[in-house]
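In case you want the letters, here they are:
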Amino acid sequence: MEVNLYNQNAENIGTVDLPDGVFAVPSNNDLLHQVVSSLMANKRQVIAHAKTRAEVRGGGKKPWRQKGTGRARAGRASSPLWRGGGRIFPNLPDENFTQKINRKMYRAGVSSILSQLAREDRLAVVEKFTVDAPKTKLLTAKLRNMGLDDVLIITDSVDDNLRLSSRNLPNVNVVTVGSADPLSLMRHARVLVTKSAVAKIEELLA
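Note that the structure is predicted; figures quoted are calculated from it, not measured. All residue numbers refer to position in the chain's written sequence, counted from 1. Reporting of local features is limited, given that this is a predicted model, to residues whose pLDDT is at least 70; pairs of side-chain atoms are given and counted only at 80 or more, and all residues count toward the totals for whole chains, interfaces and linings. Here the side-chain values reflect all heavy atoms present in the structure, with hydrogen atoms and water set aside.

## So, the layout of surface pockets
Our working definition: Method remark: on a 1 Å grid restricted to protein atoms, a set of points is classed as a cavity if a 1.4 Å probe fits but cannot get out and as a pocket if it is open with protein on both sides within 12 Å along at least five of seven lines; lining residues have an atom within 4 Å of a point. Grid points are joined across faces, edges and corners, and a volume is the space filled by probe spheres set on the points. Runs of H or I in DSSP of at least four residues are treated as helices and runs of E of at least two as strands, each being numbered from the N terminus. Throughout this entry, Asp, Glu, Lys and Arg are counted as charged residues, while Ala, Val, Leu, Ile, Met, Phe, Trp, Tyr, Cys and Pro are counted as nonpolar. The remaining residues, Gly among them, count as polar.
Reported here for the largest pocket is a volume of approximately 210 Å³. Those elements giving two or more residues to the lining of the largest pocket turn out to be helix H3 (103-119) and helix H7 (195-205). The element that contributes the greatest number of residues to the lining of the largest pocket is H3, accounting for four residues. Here the residues of the lining of the largest pocket are counted per class, giving 10 nonpolar, one polar and one charged.

Structure, rendered in structure tokens:
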């Protein structure tokens, strides 16, 4: 698959050949749903904690005698049948929501997303992408010149100037190839990949 190659001034300087095994894969919505659902479930923080009847404060004394009152017999006020009592099957912090996803399925899901981005013209390849100093103003000006606002930048290695410049921009995220997960790929409107990062993506996913 052949796409345009741009420089940092948004000028077309040629073309680059993207591997069809990664950037020209047919869409698989069922696989993509499974991969994204598992990632979101694995990120879930389990903080809900309802109390069982053993954890509810009080209720140790029998509310009234067993017979002779005309009311239903009751043993403890912490019974789940009572208001303020414990839950029968409570949500606990040790509840496990994680879902396992095979490595082959994960890679296929990432390839499916990258292919869809390429088909929708939301993926662009740049020769290199750097900033001279860790200043948000420099990065903002460069992205504005390229017509980018909500963008994920994928590089082959960590550039401290680029990383520090993007920290205060809510719609700009800079990641390496290994950190480009399906959630971040789908979150941003555009994806900008450096030419050297394309080779690493092919190495990981092909």
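## Points about helix H4 (residues 136-145)
Condition: Per-residue accessibility, obtained with a 1.4 Å probe over protein chains only, is compared with the maximum for each type, and a residue is labelled buried under 20%, exposed over 50%, and partly exposed between these values. Relevant arc is that of directions from the helix axis to the C-beta atoms, nothing else. Any pair of residues with heavy atoms lying within 4.5 Å of one another is described as a contacting pair.
If you check which residues of H4 are buried, you get Leu 139, Lys 142 and Leu 143. An end-on view of H4 places all buried positions within 95° of arc, on one side of the element. Those residues of H4 that are exposed and aimed more than 90 degrees away from the buried face are Lys 137 and Arg 144. Buried residues in H4 make contact with strand E4 (151-155), helix H5 (160-165) and strand E5 (172-176).

## Topic: the environment of Ala 180
Among the structural elements, Ala 180 can be located in the loop between E5 and helix H6 (182-187). As for Ala 180 and Ile 153, which are separated by 27 residues in sequence, their C-alpha atoms are 9.2 Å apart.

## What to know about unusual backbone geometry
For Ala 10, which is not a glycine, the phi torsion comes out positive at approximately 65°. You can see Ala 10 is positioned in the loop between strand E1 (2-6) and strand E2 (12-17). Although it is not a glycine, Asp 121 sits at a positive phi angle of roughly 60°.

## Some points on the pairing of E1
Rules: Note: two strands are recorded as paired if DSSP finds a minimum of 2 bridges between them.
Pairing geometry for E1 and E2, over five bridges, is antiparallel. By the bridge assignment, Asn 4 is partnered in E2 with Thr 15. Linking two consecutive strands that pair antiparallel, namely E1 and E2, is a turn of five residues; a positive phi of about 65° is found at Ala 10 within it.

## Observations concerning the side chain of Lys 142
Rules: Under the convention used here, Asp and Glu are negative, Lys and Arg are positive, and both His and the chain ends fall outside the count. Whenever a carboxyl oxygen of Asp or Glu lies within 4 Å of a side-chain nitrogen of Lys or Arg, that contact is scored as a salt bridge.
Note that Lys 142 resides in helix H4. Despite its burial, Lys 142 remains without a salt bridge, the nearest opposite charge being carried by Asp 132 at 5.9 Å. Not counting residues up to four positions away in its chain, the partners in contact with Lys 142 are Gln 8, Phe 129, Thr 130 and Val 131.

## Considering the packing of aromatic side chains
Filter applied, for reference: Aromatic contacts are taken between Phe, Tyr and Trp rings whose centres are within 6.5 Å, Trp giving its six-membered ring; a plane angle under 30 degrees counts as stacked, one over 60 as edge-to-face, and the others as tilted. Our definition puts a charge over a ring when NZ of Lys or CZ of Arg is within 6 Å of the ring centre and also within 35 degrees of the ring normal.
Per the stated rule, a full pass over the model turns up one aromatic pair. Consider the rings of Trp 64 and Trp 82, whose centres lie 5.7 Å apart with planes at 35°: the pair is tilted. Of this pair, Trp 64 sits in the loop between helix H2 (29-42) and H3 while Trp 82 sits in the loop between H2 and H3, and the two are 18 residues apart along the sequence. Over the ring of Phe 97 we find Arg 44; its NZ or CZ atom is 3.7 Å from the centre of that ring. Over the face of the ring belonging to Trp 64 we find Arg 71, whose NZ or CZ atom lies 3.9 Å from the ring centre.

## Quick word on the sheet that holds E5
Inclusion rule: Interaxial angle, 0 to 180 degrees, is taken between N-to-C directions of lines fitted to C-alpha atoms, where a helix line uses only the stretch in contact.
Ordered in space as E2-E1-E3-E6-E4-E5, the six strands form an open sheet in which the pairing is mixed. Strands with a single pairing partner mark the edges of an open sheet, and in this sheet they are E2 and E5. Sheet twist, expressed as the mean angle between neighbouring strand axes with direction ignored, is 30°.

## As for the nonpolar core
To be explicit about the condition: We define the nonpolar core as a collection of buried residues of types Ala, Val, Leu, Ile, Met, Phe, Trp, Tyr and Cys that are connected through side-chain atoms lying within 4.5 Å of one another.
If you look at the biggest cluster of nonpolar residues, it comprises 26 residues, and the most contacted ones within it are Leu 114, Leu 123 and Ile 154. Listed in part, the 15 residues of the second largest apolar core include Ala 124, Met 146, Ile 153 and Leu 162.

It is worth stressing that arrangement in space is one thing and function is another; only the former is reported here.
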